[in-house]
Every structure is written in structure tokens, then in C-alpha cells.
Amino acid sequence: MNVSVGLCEGRAAVEAELMGTFTDPVDNRYGPGRHRFTSEIVLTPSEMSSCAFALDDITIGIGFHWERKERQVFRGILRIIKRASGFTLINDVPLEDYVTSVISSEMSAASPLEFLKAHAVISRSWLWFPKQAPAPAAAPPPSPAGKGAEHEILRWYGREAHADFDVCADDHCQRYQGITKAFSPAASQAVRATAGEMLLYNGVVCDARFSKCCGGITERYPTAWDDQDIPYLRSVYDGPPQSCSYTPETWIRSNPPAYCNTEDTHLLAQILPGFDQETRDFYRWQTVYTAEKLGALIQSRVGTDLGRITDLQPLARGPSGRIFRLMITGERGSLIVGKELEIRRALSPSHLYSSAFVVDQEADRFVLRGAGWGHGVGLCQIGAAVMATEGMEYKEVLHHDYRGT
């Protein structure tokens with residue numbers, strides 16, 4: 001099985017460095033070196049295992065706080081197609097090569113082997129799930145907010161199908177950075193050891209969601225997406241079995257033990273890609289805005305002018321403390337925002353680390369004290385990597401975060 005991965009779109013022209021010889025459909029040969037393409041073409045490597053191509057300015061982390069451009073190197077076929085917005089670049093690769101790249105791009109290829117095995121299983125499952133399941137319902141249009149608010153924005157971002165390829169290469173789907181980060185033999189070993197394995201629930205491939213750090217408790221599926229309960233995507237404590245009594249307020253304000261609660265710099269350097277290591281306050285974090293700055297931010301991000309903000313009131317939280325309905329009140333009116341990712345988008349120039357936060361008003365400032373990095377649903381990547389360092393095998397890791405699978 002091959003996977004078609006969209007690398008980038010909207011290019012006026014394509015600059016690529018070929019490493020090895022490639023041919024087009026009419027047997028024209030393109031030797032090693034830099035080439036510029038201004039028309040559609042399909043380039044097939046003469047040797048899949050030794051030929052590669054490099055692109056200098058691939059954008060990663062689109063819209064998030066780690067967004068940047070990177071030079072990346074890929075194996076497989078390069079397709080360049082023309083669309084109204086410009087050229088789209090697509091990389092066609094075998095499934096297992098795709099999975100090897102994903103587990104080395106989402107986390108570091110130097111991560112513990114059992115963690116890489118676990119991620120190989122869920123990355124395959126995540127890719128395969130839409131092939132057997134109907135497309136999820138689209139987010140509904142804005143709905144009446146009810147008493148005390150002018151209107152409500154209720155929006156989530158599902159797994160929309162891409163028109164020209166199976167998956168994109170960025171965080172919207174799964175990170176895929178070619179062979180750029182696959183520097184450790186462990187990544188290939190993990191993929192070979194789990195070849196063809198997928199995560200199942202009642203015999204059906206799972207929708208294996210994952211995020212960077214749950215903040216100590218994973219989240220339920222409907223907090224981030226449409227209102228359906230998925231049995232294996234429920235909330236679990238990210239630690240050994242124990243009684244865990246808490247309220248979201250006390251949980252977020254405290255620093256409870258959990259697998260993902262680690263400040264071990266050596267471990268983090270081992271499991272996180274270089275640019276992710278820049279984010280050190282992922283377990284507990286803080287953001288501060290003035291009332292005026294917050295009002296201007298919401299206007300630019302959501303398009304509603306509430307003026308100077310006077311209150312942020314959580315209306316609904318998931319079990320991990322992640323807010324999925326938030327009332328924002330300003331001098332010119334109020335607005336309810338949901339779900340999880342839309343709240344994170346509204347309250348940051350990029351995105352908040354998560355929507356698990358409490359709000360303190362200190363004079364003219366809003367202090368957001370938060371927990372975790374990402375939506376928190378499914379596998380907690382940092383927590384799972386720590387489990388593996390503590391000797392857990394990959395199936396134990398999967399059974400911990402995806403109960404009943």
C-alpha cells in the first residue's frame with residue numbers, strides 16, 4: 001500500500017535538489033543537483049532506497065507557536081500538480097516508510113523502542129481509520145448563545161479529506177518530515193517489529209488520536225470534536241492505577257505526579273524533536289494579557305469586537321479540565337466560544353498550549369494558568385515515552401491510554 005502525502009501547496013514554482021537520478025513518465029532523466037519546475041511533472045527515483053529529494057522551505061507547525069520553515073529530505077515519488085492557487089507537491093511512499101517517518105517526526109527517533117512501537121501502531125491506525133468509517137459530521141454554524149451572550153461560536157476541526165492526497169505532512173494530520181529526522185535505527189526496528197499491526201476495539205480499527213502532553217489526565221473525545229462518546233477515547237489518569245480525586249480548579253493549580261510530569265532534561269532531549277524542546281513549560285504554564293490586549297486579540301482572531309475584556313467565564317469543562325465552552329465578556333457585549341481548539345485559537349496569536357486553564361483577574365490583567373499541551377485525547381506522547389523508559393512494553397502503553405483495545 002502506498003500513501004500520498006501533501007508536502008505543500010500554492011507554490012508559484014518548485015525548487016528541488018535531487019539526490020540521485022529521477023525520471024519522468026516519458027523517460028526524461030533528471031540527474032543529481034538543483035532543478036526548477038514550472039509545470040506539472042511526476043519524478044520517479046531510479047532506486048527507491050538510495051535516491052532522495054530535498055525541499056528547502058517546508059513550513060511546519062502551521063498556525064502553532066513552533067511554526068517555522070525547514071529543509072527536509074524525502075524518498076519516494078515526487079508529484080507536482082497545478083491547481084488554481086499554484087503548484088501542490090505530493091510525495092508517494094510505501095505505508096511502512098510513511099509510518100517510519102511519522103514516528104521520527106512526531107517524536108524523536110532516539111525515543112525508547114517500546115514507545116516507538118506504540119506510536120507505529122497508532123500512526124497506522126490513525127491513517128487507516130477513515131477508510132472504514134463515515135466522514136465525521138461537520139461543525140454546525142454559530143448557534144444562539146442563550147442568556148447573557150450575544151452569540152456563540154461552536155467549531156471544531158475534524159479530519160477533512162484532502163482533495164489531492166491522502167494526508168498532509170503537518171500537525172493537521174500527522175507530522176511527516178521525510179527521512180530528515182529518521183536518524184536512529186530504532187525507528188525502522190519499531191516499524192518492522194509491529195509491521196501491519198493496528199489498534200482494534202471490538203475488531204474494528206481505532207480512531208487513534210494522540211497529543212503531546214495531557215497535563216496529567218487525558219480527555220474525552222467530545223470535548224474536542226463532535227458530541228459522540230468513543231469508548232476507547234475516554235479520560236484516564238496518566239499514572240499508575242490509584243485513587244485520583246480532584247476538581248479541575250485544584251488539579252490545574254497544583255503540580256500532581258504523572259508520567260508526563262517530567263523535567264528530566266536528558267529524557268526530554270531524548271524523546272522530543274529539537275524544536276519541541278523549546279517548549280519546556282508544557283505540563284503547567286502561564287499566559288498574561290491586559291484587558292485591552294485581550295480585546296484586540298479576540299477581535300483579530302475571532303472577528304468580534306467586544307472592546308476591553310471584563311470577564312472570562314468557563315461554562316463547560318471536560319474531565320481533564322479542558323474548557324469546551326467559554327464565555328468572553330467585554331465592554332461592548334459577550335460571546336461564547338467552543339470547542340477546545342477554537343478557544344485556544346481565540347486566546348492566542350497562535351494557539352494556547354491547551355484549553356485546560358483557570359483564570360485569575362489581577363487588576364487590569366488576566367492571568368491564565370494552564371495544564372498540558374494539545375487536546376489531550378488518546379495517547380499522551382510524553383507520558384507514553386516515560387512509561388517506556390520505566391520498562392513498560394508497547395502493548396501495555398497502548399492499553400493504558402486506550403482502554404478496552
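About the thresholds
Residues numbered from 1 in each chain as written. Predicted model: local features only at pLDDT ≥ 70, side-chain atom pairs only at ≥ 80, totals over all residues. Heavy atoms only, no water. Helix = DSSP H or I, 4+ residues; strand = E, 2+ residues; numbered from the N terminus. Phe/Tyr/Trp six-rings, centres within 6.5 Å; stacked < 30°, edge-to-face > 60°. Lys NZ or Arg CZ within 6 Å of the ring centre and 35° of its normal. Pairing = 2+ DSSP bridges. Axes fitted to C-alpha atoms, helices over the stretch in contact; angles between N-to-C directions. Core = buried A, V, L, I, M, F, W, Y, C linked by side-chain atoms within 4.5 Å. Buried < 20%, exposed > 50% of the residue type's maximum accessible area, 1.4 Å probe, protein only. Contact = heavy atoms within 4.5 Å.

Participant: In this structure, what is going on with unusual backbone geometry? I would like to understand it.
Facilitator: Trans is the common state for peptide bonds, and a negative phi is the common state for residues other than glycine. Residue lysine 339 follows glycine 338 across a cis peptide bond; omega there is 0 degrees. Residue position: lysine 339 is located in the loop between strand E19 (333-338) and helix H8 (340-346). Its identity is not glycine, yet aspartate 27 carries a phi of approximately 70 degrees, on the positive side. Positive phi outside glycine occurs at asparagine 202, with the angle close to 50 degrees. Within the secondary structure layout, asparagine 202 lies in the loop between strand E13 (200-201) and strand E14 (204-205).

Participant: Before we go on, may I ask you to explain the packing of aromatic side chains in this structure?
Facilitator: Aromatic rings considered in pairs are described by the distance between their centres and by the relative angle of their planes. All chains considered together, the criterion is met by eleven aromatic pairs. The interplanar angle of 50 degrees and the centroid separation of 5.5 Å between the aromatic rings of tyrosine 201 and tyrosine 232 together place this pair among those described as tilted. You can see tyrosine 201 sitting in strand E13 and its partner tyrosine 232 sitting in the loop between helix H4 (221-224) and helix H5 (248-253), a full 31 residues away along the chain. Ring pairs connect the aromatic residues Phe22, Phe53, Phe74, Tyr98 and Tyr176, which therefore count as one cluster. The ring centre of tyrosine 283 lies 4.3 Å from the NZ or CZ of arginine 284, which sits over that ring.

Participant: I tried to follow the sheet that holds strand E7 (residues 52-60) on my own but got confused; where do I start?
Facilitator: The pairing of strands in a sheet comes from backbone hydrogen bonds and takes either a parallel or an antiparallel form. Read across the sheet, four strands follow the order E5-E2-E7-E8 without closing on themselves; strand pairing throughout is antiparallel. Two strands bound the open sheet, and with one partner strand each, they are strand E5 (33-37) and strand E8 (68-74). Pairwise comparison of adjacent strand axes, ignoring direction, gives a mean angle of 30 degrees for this sheet. Where strand E2 (residues 14-19) lies against E7, three bridges are found, and the strand directions are antiparallel. Along E7, the bridge assignment pairs methionine 19 with alanine 52.

Participant: What am I meant to see in the nonpolar core here?
Facilitator: Across soluble globular proteins, nonpolar side chains have a tendency to be buried as a group. Val5, Leu7, Tyr98, Tyr176, Leu379, Leu398 and Tyr402 are the most contacted members of the largest nonpolar core, which totals 96 residues. In terms of residues, this core owes the most to one element, helix H2 (residues 113-132), which gives nine residues. Ignoring any residue separated from it by four or fewer positions in sequence, one finds leucine 7 in contact with Phe53, Leu55, Ile58, Phe74, Leu89, Asn91, Ala169 and Tyr176. One finds Ala291, Leu306, Ile328 and Phe366 within the second-largest nonpolar core, a separate group that totals 24 residues.

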